[in-house]
2 protein chains.
Amino acid sequence: MRYPFLKTFSFALILLVCCHCKNPEPETSTKEEPPSPAKELQPNRYNVAFLIMDGVYNTEFTAPYDIFQHTQYRDSIKAMNTFTVANTRHPVTSFEGSRFLPDFDYTQDSIPPIDIFVVPSAEHHLDTDLEDEVMLSFVKKVDQNALYITSHCDGAFVLAKAGLLDSVVSTTFPSDIEKYRKMFPKLAVKDSVLFVHDGKYITSAGGAKSFEAALYLCETLYGKRIAESLAKGLVIDWDIETVPHLVIQ
Amino acid sequence: MRYPFLKTFSFALILLVCCHCKNPEPETSTKEEPPSPAKELQPNRYNVAFLIMDGVYNTEFTAPYDIFQHTQYRDSIKAMNTFTVANTRHPVTSFEGSRFLPDFDYTQDSIPPIDIFVVPSAEHHLDTDLEDEVMLSFVKKVDQNALYITSHCDGAFVLAKAGLLDSVVSTTFPSDIEKYRKMFPKLAVKDSVLFVHDGKYITSAGGAKSFEAALYLCETLYGKRIAESLAKGLVIDWDIETVPHLVIQ
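Everything numeric in this text was worked out from a predicted model, so none of it was measured. Numbering of residues starts from 1 in every chain and runs along the sequence as written. Just so you know, chain letters begin at A and ligand numbers begin at 1, following the order they were written in. In keeping with the predicted nature of the model, local features appear solely for residues at pLDDT of at least 70, side-chain atom pairs appear and are counted solely at 80 or more, and the whole-chain, interface and lining totals rest on all residues.

## Describing the overall build of chain A
Where we set the bar: Helical segments are the DSSP runs of H or I of at least four residues, strand segments are the runs of E of at least two, and each set is numbered from the N terminus. Buried, partly exposed and exposed are defined by the number of other C-beta atoms within 10 Å of a residue's own C-beta, namely 20 or more, between the two limits, and 12 or fewer respectively, with C-beta atoms placed from the backbone. Distance between backbone-placed C-beta atoms decides contact: two residues are in contact if it is within 7 Å.
For chain A, the count of helices and strands is eight helices and 12 strands. When the 249 residues of chain A are sorted by exposure, 43% land in the buried category. Restricting to contacts in chain A with at least 6 residues of sequence separation, those with at least 24 account for 66%.

## Some remarks on the interface of chain B and chain A
We apply this condition: Residues are grouped as follows: Ala, Val, Leu, Ile, Met, Phe, Trp, Tyr, Cys and Pro are nonpolar; Asp, Glu, Lys and Arg are charged; every other residue, Gly included, is polar.
In this complex, chain B contributes 29 residues to the contact, which on the side of chain A involves 29 residues. Where the side of chain B that touches chain A is concerned, the elements lending two or more residues are α3 (58-69) and β4 (99-100) of chain B. Element by element, the count of residues in the side of chain B that touches chain A is highest for α3 of chain B, at seven residues. Broken down by class, the residue content of the side of chain B that touches chain A amounts to 14 nonpolar, 10 polar and five charged.

## Digging into the relation of the copies chain B and chain A
Here two copies of a chain appear, and what relates them is a rotation about an axis with a shift along it. In plain terms, the rule: When the copies are overlaid, the least-squares fit takes in C-alpha atoms only where the residue has pLDDT of at least 70 in both copies.
It takes a turn of 180° to lay chain B on chain A, together with a shift of 0.0 Å along the axis; the resulting RMSD is 0.0 Å. Taken together, the rotation angle and the small translation identify this as a two-fold axis.

## Here's the deal with the packing of helix α3 (residues 58-69) of chain A against helix α7 (residues 210-222) of chain A
All names here are of chain A. Definition in use: Axes here refer to lines fitted to C-alpha atoms; in helices the fit is confined to the stretch in contact. Angles between the N-to-C directions go from 0 to 180 degrees. When describing relative orientation, an angle under 35 degrees is termed roughly parallel and one over 145 degrees roughly antiparallel, while 65 to 115 degrees is termed roughly perpendicular and anything else oblique. In a left-handed crossing the near helix is turned counterclockwise from the far helix by less than a right angle, and in a right-handed crossing that turn is clockwise.
Orientation of α3 relative to α7, taken along the N-to-C sense of each, is 30°, at an axis distance of 8 Å. The angle between the axes of α3 and α7 places the two elements in the roughly parallel class. α7 is crossed by α3, and the crossing has right-handed handedness. Listed contacts from α7 to T59, E60, A63, P64, I67 and F68 of α3 are S210, F211, A213, A214, L215 and C218.

## Considering the sheet that holds strand β6 (residues 116-119) of chain A
Residue and element names in this part refer to chain A. Heads up, the condition is: Strands are labelled as partners when DSSP assigns at least two bridges between them.
If you walk across this open sheet you meet the eight strands as β5-β2-β1-β6-β7-β11-β10-β12, and the pairing is mixed. Of all strands in the sheet, those with a lone pairing partner are β5 (104-105) and β12 (245-248), marking the two edges. Bridge analysis of strand β1 (residues 46-51) against β6 gives three bridges, and the strand direction is parallel. Looking at β6, one finds that F50 is bridged to V118. This element, α3, spans β1, β2 (80-86), β6 and β7 (148-152) of the sheet and lies at about 155° to β2.

## Considering α3 of chain A
Residues and elements named next belong to chain A. Counted only if it meets this: A helix is expected to span 1.5 Å multiplied by its residue count minus one.
Taking 1.5 Å as the rise per residue, α3 with 12 residues should run 16 Å; its terminal C-alpha atoms sit 16 Å apart, in good agreement. With 12 of 12 residues buried, α3 lies mostly within the body of the structure. Those residues of α3 not exposed but buried are N58, T59, E60, F61, T62, A63, P64, Y65, D66, I67, F68 and Q69.

## Considering the environment of L194 of chain A
All names here are of chain A. With respect to the helices and strands, the residue L194 is situated in the loop between β9 (188-189) and β10 (195-198). What makes L194 buried here is the crowd of 21 C-beta atoms within 10 Å. Placed 74 residues apart in sequence, L194 and P120 show a C-alpha to C-alpha distance of 15 Å. With near-sequence residues (within four places) excluded, L194 lies in contact with S204, A205, K209, E212, A213, V243, P244 and H245.

## Digging into unusual backbone geometry
A positive phi angle, near 55°, is found at C153 of chain A, a position not held by glycine. Following the sequence through the fold, C153 of chain A ends up in the loop between β7 and α5 (155-161). Of note in this structure, V235 of chain B is not a glycine but carries a positive phi near 55°. C-beta crowding within 10 Å serves as the criterion here: with 22 such atoms nearby, V235 of chain B is assigned to the buried category.

## A look at the sheet that holds strand β10 (residues 195-198) of chain B
All names here are of chain B. Strand order in the open sheet made by the eight strands is β5-β2-β1-β6-β7-β11-β10-β12, with mixed pairing throughout. A strand with exactly one partner marks an edge of an open sheet, and here the two such strands are β5 (104-105) and β12 (245-248). Bridging between strand β1 (residues 46-51) and strand β2 (residues 80-86) involves six bridges; their strand directions are parallel. For F50, the partnering residue across the bridge sits in β2 and is T84.

## Observations concerning the confidence of the model for chain A
Residues and elements named next belong to chain A. Note the following rule: Values of pLDDT, ranging from 0 to 100, describe the predictor's confidence in every residue of the model.
Scored by pLDDT, chain A comes out at a mean of 89, with 85% of its residues at no less than 70. Across residues 1-6, confidence stays below pLDDT 50; counting only partners more than four residues off in sequence or on other chains, it has one contact. Across residues 8-31 the pLDDT falls below 50, and counting only partners more than four positions away or on other chains, this stretch makes five contacts in the model.

## Some words on the nonpolar core
As a reminder, the rule being used: Core membership is restricted to buried Ala, Val, Leu, Ile, Met, Phe, Trp, Tyr and Cys residues, and these are joined into a nonpolar core through C-beta atoms within 7 Å.
Counting 134 residues, the largest nonpolar core has L215 of chain A together with L215 of chain B as the members making the most contacts within it. The residues touching L215 of chain B, leaving out its near neighbours within four places in the chain, are I67, A227, L230, A231 and W238 of chain B.

Spelled out as structure tokens, the structure:
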């Protein structure tokens, strides 16, 4: 052939035209992408994961989140990476109607090693959430390696259902403590305290008192001075001696 | 024409083929749509708007939000619709790194009449946010008709910059009170209190004490019993007599 490149050129041209004419792929893959990328975490920090879901209570999520995240602004300590885990990366709607974008989807994403796991209360922690086997399996899995597992308010129902509290003393939201005793009759339950620390489990009464349990953990990890400083940043007078709590060594 | 339907059929066929072959419009319009619809509000309630922006502090947003939103679960009162306003409906990232979807964009949406306006603190409330003329204009506009204007922590800097606090006593975050006095030397400033209520303005020290200012407003609107009940739901022992505050009648 005199002009062999012509054949190649013609073929390329045909291919180009075909490709150009072809309807672009429907953008389903883009649409199905979760709206938020997984959070980048800093090394040499504690990884603190918050389990959120539809119906999560704002305060029980944000109170410990703020205490722990603010460790990043204190010098000379091993600070905390804070991030949320959910069964989606699409927005989660809190009980109060706020919409949060989760950082990691525990059903799909590679989840970083979790040192401290926080379970805030959610609307259905006494009923349908306790039937969520995927969520409960995730909680059990996290429990295997976490240094601390904490709950706020009815978050204790999730830990109890997952069998994590079988051999420790725990507490929950004051108005739900009788339901808690009834649902988990074998558990050792303590009432009239803001939190219980037994083994690696810290269960808190929750609500606005979620700050106290988080500050206690910071005092345990970093000492009194840092805990006082974190408290001051949130206009809290911190003295663990004035906080009704139970620590089982 | 013997088969007039043939002409119609052919035309329809050509149209169909053309439509089918045509590249779909790039989906820019869909992509540019804000990701969240404006919230639907219930009638016969107070409309309570929270001004959020990048850098907003979680707790100062969620603490009053929760107290006010929970009024919806108390009988026989004029409860509160709670919603967020921002200069976007795309996600806003809090100081702590949480991502919230705002309910209304005050630069674009039709904003419902606002009865109670809440300004939580944000990271740049002492600097760049005070240069945001669009935001400050919005604050001034809301002030014209709102029944109450409240701030938490450094939110007072925004109200002061907008000129709303010129003739009232106000307070702010304890660690920023000297900067506040310096930046707004003509203002009457009160320190060592958790909040000041003067006229329709309630300025709060913020942080975890943001609950107290919100409960005070609920006690003012609904009475002591409802305030106690809202407090109990968040594990707070509520007694206004024990809260350092200043009310100017």
